[in-house]
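Chain by chain, the residues run as shown.
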Amino acid sequence: MLKLKDKVNLKELEKYGFELIGGVYYKTIYEGRRGQDFELIIYNDRFIQGYSNGADGDGEEDYIDDTLYDLIKDGLVIKVDDK
C-alpha cells in the first residue's frame, strides 16, 4: 500500500490539484465521456486510496494523469505493509 509520509503537511496536496472536501483530499485523475471517473482519495490516516465511479454500459479506457507518479517522484509517498 502507498501512504503519504508523516512529515508531509496534507495542505501540500493542493499543489498537486487535490481539493479538501469534508476533511478529505480528493483529485479526479481520469474522466470518461459517459460519466466514468477515477479519483485518488487521501484521508487523515494518509493512506492513498483509489475510487472508481462507473456509468452504465460498456467500459472505457484511457490514460490516467501523472499525479501519483509526481507524488512518488517528489518524495511524499512511502510503501507500507498491509494494515
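**Student:** Can you lay out the overall build of the chain for me, pointing to particular residues and giving the numbers?
**Tutor:** Along the chain, the regular secondary structure elements total 1 helix and 6 strands. The order of helices and strands in the chain, counted from the N terminus, is β-β-β-β-β-α-β. Viewed in the frame of its principal axes, the chain has a C-alpha envelope of about 40 × 25 × 25 Å. Split into buried and exposed, the 83 residues of the chain put 31% on the buried side.

**Student:** Summarise the side chain of T67; cite the residues concerned and give the values.
**Tutor:** Topologically, T67 is positioned in helix 1 (residues 67–73). If sequence neighbours within four positions are ignored, T67 has contacts with Y16, F18, K27, I29 and L40.

**Student:** Talk me through the pattern of salt bridges; I want residue IDs and the actual numbers.
**Tutor:** The tally for this structure, following the rule as stated, stands at 4 salt bridges. In this structure, D6 and K3 form a salt bridge, with 3.9 Å as the shortest nitrogen-oxygen distance.

**Student:** Can you lay out the side chain of R46 for me, pointing to particular residues and giving the numbers?
**Tutor:** For R46, the position within the fold is in the loop between strand 4 (37–42) and strand 5 (48–53). D6 provides the closest opposite charge to the buried, unpaired R46, separated from it by 4.2 Å. Among the polar contacts made by the side chain of R46, one reaches the main-chain carbonyl oxygen of V8 at a distance of 2.8 Å. The residues contacting R46, other than those within four sequence positions of it, are L2, K3, L4, K5, D6, V8 and L10.

**Student:** Go over the nonpolar core with me, naming the residues and quoting the values.
**Tutor:** Taken as a class, soluble globular proteins show a tendency for nonpolar side chains to be buried jointly. Membership of the largest hydrophobic core comes to 14 residues, with the highest contact counts inside it found for L4, L13, F18 and I42. Those elements that place two or more of their residues in this core are strand 3 (24–31) and strand 4. Residues in contact with F18, not counting those within four places in the same chain, are L13, Y25, Y26, K27, L40, I42, T67 and L71.

**Student:** Go over the sheet that holds strand 4 with me, naming the residues and quoting the values.
**Tutor:** In space, the 4 strands of this open sheet follow the order 2-3-4-5, with antiparallel pairing throughout. Since the sheet does not close on itself, it has two edges, and those belong to strand 2 (19–21) and strand 5, each with one partner. Shown here is a sheet whose adjacent strand axes are inclined to one another by a mean of 35°, direction ignored. Examined bridge by bridge, strand 3 and strand 4 share 6 bridges and lie antiparallel to one another.

**Student:** Describe the confidence of the model for the chain, naming the residues involved and giving the relevant values.
**Tutor:** Residues at a pLDDT of 70 or more form 90% of the chain, whose mean pLDDT is 88. Of all the helices and strands in the chain, strand 5 carries the lowest mean pLDDT, 88, while strand 2 carries the highest, 96.

Conventions used here
Residues numbered from 1 in each chain as written. Predicted model: local features only at pLDDT ≥ 70, side-chain atom pairs only at ≥ 80, totals over all residues. Heavy atoms only, no water. Helix = DSSP H or I, 4+ residues; strand = E, 2+ residues; numbered from the N terminus. Buried < 20%, exposed > 50% of the residue type's maximum accessible area, 1.4 Å probe, protein only. Contact = heavy atoms within 4.5 Å. Salt bridge = Lys/Arg side-chain N within 4 Å of Asp/Glu carboxyl O. Lys, Arg positive; Asp, Glu negative; His and termini not counted. Polar contact = N/O pair within 3.5 Å; in protein donor to acceptor, adjacent residues only side chain to side chain. Core = buried A, V, L, I, M, F, W, Y, C linked by side-chain atoms within 4.5 Å. Pairing = 2+ DSSP bridges. Axes fitted to C-alpha atoms, helices over the stretch in contact; angles between N-to-C directions. pLDDT = per-residue confidence, 0-100.

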